[in-house]
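These are the residues of each chain, in order.
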Amino acid sequence: MLHIEDLGGRWELREKADDIAIPAIVPGCVHVDLMNDGRLPDPFLDDNEKAVAWVGRTDWQYRREVRWTGPAHERVDLVFDGLDTIAAIELGGVELGTTRNMHRSYRYDATGLLGDGPQPLNVRFTSAYTEAEKVRDLLGARDNAYPEPFNFIRKMACSFGWDWGPTLVTAGIWRPVRLEGWSTARLAAVRPLATFEGTGRLDLTIDVERTRARDLRARVLLSGREIAVLSLAGLERTAHACVDVDDVTPWNPRGYGEPALYDLTVELLDGDTVLDRRQQRTGFRSVTIDQTGGGFVFHVNGAPVLVKGVNWIPDDIFPSRMTRQRYARRLREAAAAGVNLIRVWGGGIYESRDFYEVCDELGLMVWQDFLFACADYPEEEPMFSEVVAEARENVARLAPHPSLITWSGNNENLWLHRAMGWGSAGVSWGEKFYLETFPAIVAELDPSRPYQAGSPWSGSWEHEPNDAGHGTFHSWEVWNREDYLNYRDSTPRFVAEFGWQAPPAWTTLRDAVSDSPILPDSPGVLHHQKAEDGNGKLARGLAPHFGSPSSTEAWHYLTQLNQVRAVRTGVEHWRSHWPHTGGAILWQLNDLWPVTSWAAIDGAGRYKPLWFALREMNADRALTIQPRDGGLMVAVLNDDAAPWSGTVRIETLDGTELATESVSVPPRSVALVPAPEAEMLVARLDDARAVHFNTDFSYEDPGLTVGVETVPGGLDVRVHAAGLARDVLMQPDRIHPQATVDQGFVTMLPGESTIFHVRAPNALDPALVNAPWVLTDLSTVMNLS
């Protein structure tokens, strides 16, 4: 049986061979090791990012001694699941190989090199800048959206900085490393493609590596039941079978049924001896994209699915720090916000197995970009063979996961190349990858999923890549140049990116910025704003709705409110046009450091008010009042498996009934009910409610009364409104840095009440609820002098 010895844990790190070593942890990276040893300041604080830039331009060495303590085997391999990025590996004084791709794994035959005692294992890393600049000089410059050479090296692009992230160019053994001992043969790859068309079907390919000729068998079990036995005679290295599997429940996305999973086990046998075993979970489902007439609607198991998505960036600028527990927490937070799809953005990484397994379990669909973003990429060597090897490995690695529903060739490269006039005649820029190489690899290794050439993409060069009327669309005129009300000016077929910025939670901002006084344009705050003219866009976005804030605290409150209103405007407008608009994917769910950004969850893991708003706007059943054809319509949004029947009641704020209409909205449908013109409207159906303000709002005192009760685990804060109270917000981190709350902005009609449930690991002082800015509302903020 294959035997594994983990080489993770304590290593030594040096800049030069004769330097004094500092302790290092593998998996890990140089920045984290230096910080742990007290040799590097926290790059998240103030502008320390600049002070640590030297780390990314320095060569580094990792070292430890290794020995084989397992049973005798014909082969012992040294296996790296990930090296970041330009590395030379030496064992016992013998160089085993070199690497130039963060997104691949590496295996080396170490059989004759381990000897009887410990042997030195050295991994020497060359600066990613050195390599990228060398390749740029060799192949010629290419255009990109940021002033760093990320498009000349196969490495996490956003480590070179982005419009929401710092420039922290890493190096290190970032994924597990181990010794594997085996004899006769091992399972080199197991690629199950599980589909469902009324019954389950498993298309299984097995690749083996051998030391000698033997007649072998591969036994296939599904949740303990043997469903197939494959033969590999003599020196055969590949076996393939298609197996119909009765009595399986299909995997379904959130809101459409159970995400049913099955344990798949493949055993490689020599007679009755088990040589190797692979175990993983998979699920059976079918996926297509209906692109009739330029549309873009996902169908899973034959059912059209309204996408309520979020874009995912690496959750840590140092991805080696990610754990299964952290992935699970963040993905559960997405699911709790009503999200059903995660788009893994092309400037990050192919995430770990943990990420995709959690998505499988939660019923979260995954849209996976190939890792190309916002740039022209050369197609020549040494890039081409690396790109092909990387794509083949990761397509095969991720294929077992039913949550993965589509591959996409890149992020914005097709669009920006044409729209920005990048490149020149005869110079490669990546088009071959997206239109030839990747679709061929997906067709060969994973035909169970649709492939898209990129995002955005209109389907062909007959239309502009970012044509709202065809395929996927990135909506960035709004935010960059236009007010968010302009979302209503078009009905794209599918919105793959859109968003609006806001600062992080107050404590997150204060923990990262020591400016005194802290101002929207003070140096530390601006350093933690990476978007071009980001604060200018925030100010121009506030101006038509709220004017100029009177203080930093007001700026913080109002920009977070504006983010919520902007995103809600887009989502509710597009949902009201389902299925013409097949869905929307918010930019973005998460942050990887403390920053003003488009995220719903900030870099410290605190919820912005946007997270709570997502939960509301992604509800299976919701109402929204929309301007339509010169009037107003109540859109009854039913993304549920059952019809929604009842009476829509349209009232004034004081409850005066203006109109009623009985509706029976079919499953997964939208119904429109005409609404009368009025200054302010309330629409109700069952427990759903929508409020519409048709004119400028008068910020009168809402007459709030507040009662605080100490309860186990925290405080219950009851708020009652005598008048109309718009956008009441509790900021729990202003009470205690670990405090949480269960609501974001809340609008209360006259006579209504709500309870904010504030929870913390420590006892909370009820008097702190009355501290400035802990609990406030829009009228109070707007009436500040």
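Conventions and cut-offs
- Residues numbered from 1 in each chain as written.
- Predicted model: local features only at pLDDT ≥ 70, side-chain atom pairs only at ≥ 80, totals over all residues.
- Heavy atoms only, no water.
- Helix = DSSP H or I, 4+ residues; strand = E, 2+ residues; numbered from the N terminus.
- Rg over C-alpha atoms; globule rule 2.2 N^0.38 Å.
- Buried < 20%, exposed > 50% of the residue type's maximum accessible area, 1.4 Å probe, protein only.
- Areas by Shrake-Rupley, 256 points an atom, 1.4 Å probe, with all protein chains shown as cover.
- Phe/Tyr/Trp six-rings, centres within 6.5 Å; stacked < 30°, edge-to-face > 60°.
- Pairing = 2+ DSSP bridges.
- Axes fitted to C-alpha atoms, helices over the stretch in contact; angles between N-to-C directions.
- Polar contact = N/O pair within 3.5 Å; in protein donor to acceptor, adjacent residues only side chain to side chain.
- Contact = heavy atoms within 4.5 Å.
- Salt bridge = Lys/Arg side-chain N within 4 Å of Asp/Glu carboxyl O.
- Core = buried A, V, L, I, M, F, W, Y, C linked by side-chain atoms within 4.5 Å.
- Disulfide = S-S within 2.5 Å.

## Re the overall build of the chain
A tally of helices and strands in the chain yields 15 helices and 43 strands. The C-alpha atoms of the chain give 28 Å as radius of gyration, which agrees with the globular expectation for 785 residues (28 Å, within 12%). Each principal axis of the C-alpha atoms in the chain carries an extent, and together these give about 85 × 65 × 60 Å. Counting only residues that meet the buried cut, the chain has 60% of its 785 residues in that class. Accessible surface computed for the chain: about 28900 Å², of which carbon and sulfur atoms make up 48%.

## As for the packing of aromatic side chains
Enumeration according to the criterion identifies 46 aromatic pairs in this entry. Between Tyr62 and Phe125, the ring centres sit 5.8 Å apart and the planes meet at 80°, which makes this aromatic pair edge-to-face. Taken together, the positions of Tyr62 in strand 4 (residues 60-66) and Phe125 in strand 9 (residues 119-126) put the pair 63 residues apart, joining distant regions of the chain. The exposure classification of Tyr62 matches that of Phe125, with both residues buried. Residues Phe372 and Tyr434 carry aromatic rings whose centres are separated by 5.9 Å and whose planes lie at 75° to one another, so their mutual orientation is edge-to-face. Of the two residues, Phe372 is situated in the loop between strand 25 (365-369) and helix 6 (383-398) and Tyr434 in helix 8 (residues 431-445); the sequence distance between them amounts to 62 residues. Neither Phe372 nor Tyr434 differs from the other in exposure class; each is buried.

## A word on the sheet that holds strand 14 (residues 200-210)
Spatial ordering of the open sheet is given by 13-14-17, a layout of three strands whose pairing is antiparallel. In this open sheet, the two edge strands, each paired with only one partner strand, are strand 13 (185-196) and strand 17 (238-245). Across the sheet, the mean angle from the axis of one strand to that of its neighbour is 15°, orientation sign disregarded. Bridge count between strand 13 and strand 14: eleven bridges; the pairing is antiparallel.

## A look at the side chain of Ser428
Structurally, Ser428 is set in the loop between helix 7 (413-419) and helix 8. Here Glu379 takes part through its backbone nitrogen, which lies 3.1 Å from a polar atom of the side chain of Ser428. At 2.9 Å, the side chain of Ser428 and the side chain of Glu380 are in polar contact. Excluding residues within four positions of it along the chain, Ser428 makes contact with Arg142, Tyr377, Pro378, Glu379 and Glu380.

## Some thoughts on the sheet that holds strand 31 (residues 621-628)
Taken in spatial order, the three strands make up an open sheet running 31-32-35, and their pairing is antiparallel. Pairing within the sheet leaves two strands with one partner each, and these edge strands are strand 31 and strand 35 (669-675). Averaged over all adjacent pairs, the angle separating strand axes in this sheet is 25°, with direction ignored. The sheet contact formed by strand 31 and strand 32 (residues 631-638) spans eight bridges and is antiparallel. Paired with Gln626 across the strands is Met633, a residue of strand 32.

## So, the pattern of salt bridges
Scanning the model with the defined rule gives 56 salt bridges in all. Between Glu386 and Arg104 there is a salt bridge; the shortest N-O distance is 3.1 Å. Within this pair, whereas Glu386 is found in helix 6, its partner Arg104 is found in the loop between strand 7 (94-100) and strand 8 (106-109), the two being separated by 282 residues in sequence. Put simply, Glu226 and Arg219 hold a salt bridge, and the shortest N to O gap is 2.6 Å.

## Considerations on unusual backbone geometry
A cis amide bond links Asp84 to the next residue, Thr85, at an omega of -5°. Looking at where Thr85 falls in the secondary structure, it is placed in the loop between strand 5 (75-80) and strand 6 (86-91). We note that Thr184 has phi near 70°; this positive angle belongs to a residue other than glycine. Here Thr184 lies in the loop between strand 12 (177-182) and strand 13. Even without glycine at this site, Asp629 takes up a positive phi of about 55°. Along the chain, the position of Asp629 falls in the loop between strand 31 and strand 32. Since its relative accessible area comes to 77%, Asp629 is described here as exposed.

## Points about the nonpolar core
Tyr62, Val123, Trp162, Ile173, Phe355 and Met730 are the most contacted members of the largest nonpolar core, which has 177 residues in total. Here this core gets ten residues from one element, more than from any other, and that element is helix 13 (residues 552-575). When near neighbours in sequence (up to four residues on either side) are disregarded, Met730 contacts Val717, Ile735, Val741, Phe756, Val758, Val769, Val774 and Leu775. Judged by nonpolar contacts, the second largest core, of 29 residues, contains Val208, Leu222, Ile227 and Ala241.

## Things to note about the side chain of Asn638
Mapped onto the elements, Asn638 comes out in strand 32. The residues contacting Asn638, other than those within four sequence positions of it, are Asp620, Arg621, Pro643, Trp644, Val665, Pro666, Pro667, Arg668 and Ser669.

## Structural notes on the state of the cysteines
Tallied over the entire structure, the rule returns zero disulfides. Cys29 carries a free sulfur, and the closest cysteine sulfur to it, the one in Cys158, is 13 Å from it. The thiol of Cys158 is unpaired, and the distance to the nearest cysteine sulfur, on Cys374, comes to 11 Å. Judged by its relative accessible area of 1%, Cys158 is buried.

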